[in-house]
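# Residue-level structural notes
Each chain, written out:
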Amino acid sequence: MFQVNLADTKNRKLINQLGPYAIFEYDKDLSVDPTSAIQAYYAAEMNVRKRQVFISLNGTGCIIQAGAMQWMAGNIQAQTNIRGAGDFLKKFAGSRVTGESTVKPLYQGYGQLVLEPTYKHLLIEKVEDWNGLVIEDGLFLACDASVNMQVVSRSTFSSAIAGGEGLFNTCLNGQGLVVLESRYPREELIEIVLDNDELKIDGSYAIAWSQSLNFTVERSTKSLIGSAASGEGLVNVYRGSGRVLMAPL
């Protein structure tokens, strides 16, 4: 039996909670010395703060990024998400093209699982709301064990070469929650919902999008001369029905 103080303190605040995931933010970095105090002060003033995920397991399972666990309490067992040699080779190949770790540990049982603090912003998304959630490399932090992770490739060669989003990405399917580690806060991100429509973005600003969308790279105007004259050149185009999460900067 154990007890964990998860209430707000003068320096730690609960900023988001969904399902077993609770995200805490530390107002200031109090573990400083005179040489780093000024930097820590101005970092906090500019919203550069440590954030941390607390996961409450109640007989459920959670897959996390390798090396992300800080501590855990209770009857929790850790195992790999590898199911045989064939599955290892498949995940190894996927990790080489996406930059993700080959083995992502699966934690199951009853207790508290706490991840390493990060200065990045933490987003909680429902996977089923996305009809297949495709994410940029490096965004994945944790997800429910019920979520299926796979590597998907671009539908066209042009989107891979000129789109700036890479040839392969991680895609999450199924039912459950995922925690993403983003450089941008949720309130700064722009979410576009498409219903049999299209979205054109000049640059690789999209950090996540629905797998149901068709992603291509095209000229901004119909003619090559028109594209050159407009100064826009090539744009990333998302067509169909789904959602796109885009950074404004």
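Let us look at the structure shown here. (Residues numbered from 1 in each chain as written. Predicted model: local features only at pLDDT ≥ 70, side-chain atom pairs only at ≥ 80, totals over all residues. Heavy atoms only, no water.)

### What about the overall build of the chain?
Our working definition: Under the scheme used here, helices are H or I runs from DSSP no shorter than 4 residues and strands are E runs no shorter than 2 residues, and both carry numbers assigned from the N terminus. Accessibility here uses a 1.4 Å probe with only protein chains present; expressed as a share of the type maximum, an area under 20% marks a residue as buried, one over 50% as exposed, and anything in between as partly exposed. Working rule for contacts: check all heavy atoms of both residues, and any pair within 4.5 Å makes them a contact. Computed with a 1.4 Å probe, the accessible areas rest on the Shrake-Rupley method; for each residue, only the protein chains presented here act as cover.
Secondary structure summary: the chain contains four helices and 15 strands in total. Burial status across the chain gives 42% buried among its 249 residues. A separation threshold of at least 6 residues defines the contact pool for the chain, and within that pool the share at least 24 residues apart is 78%. In the structure as shown, the chain presents an accessible area of about 13,100 Å², 54% of it carried by carbon and sulfur atoms.

### Description of the pattern of salt bridges
Definition in use: Think of a salt bridge as a Lys or Arg side-chain nitrogen and an Asp or Glu carboxyl oxygen that are within 4 Å of each other.
A complete count under the given rule lists ten salt bridges for this structure. Glu125 is the salt-bridge partner of Arg186, the closest N and O atoms lying 3.0 Å from each other. Remark: Glu125 occurs in strand β6 (residues 121-126) and Arg186 occurs in the loop between β11 (177-182) and β12 (190-201); sequence separation between them is 61 residues. The partly exposed category is assigned to Arg186, whose relative accessible area is 30%. Between Lys200 and Glu198 there is a salt bridge, and its shortest N-O distance comes to 3.8 Å. Judged by relative accessible area, which is 43%, Lys200 ranks as partly exposed. Overall, the relative accessible area of 34% leaves Glu198 in the partly exposed class. A single salt-bridge network, built from bridges that share partners, covers Glu125, Arg186, Glu191 and Arg243.

### Here's the deal with the pairing of strand β5 (residues 106-115)
Working note: regular strand, side chains alternate between the two faces of the sheet. Threshold: Strand pairing is assigned whenever DSSP detects at least two bridges linking the two strands.
Burial analysis of β5 places eight of its ten residues in the buried class, the great majority of the element. With nine bridges joining them, strand β3 (residues 51-64) and β5 adopt antiparallel strand pairing. Its bridge partner being in β5, Cys62 is matched across the sheet by Tyr107. Direction of pairing for strand β4 (residues 69-79) relative to β5: antiparallel, over a ladder of ten bridges. If you follow Ala78 over to β5, its bridge partner there is Tyr107.

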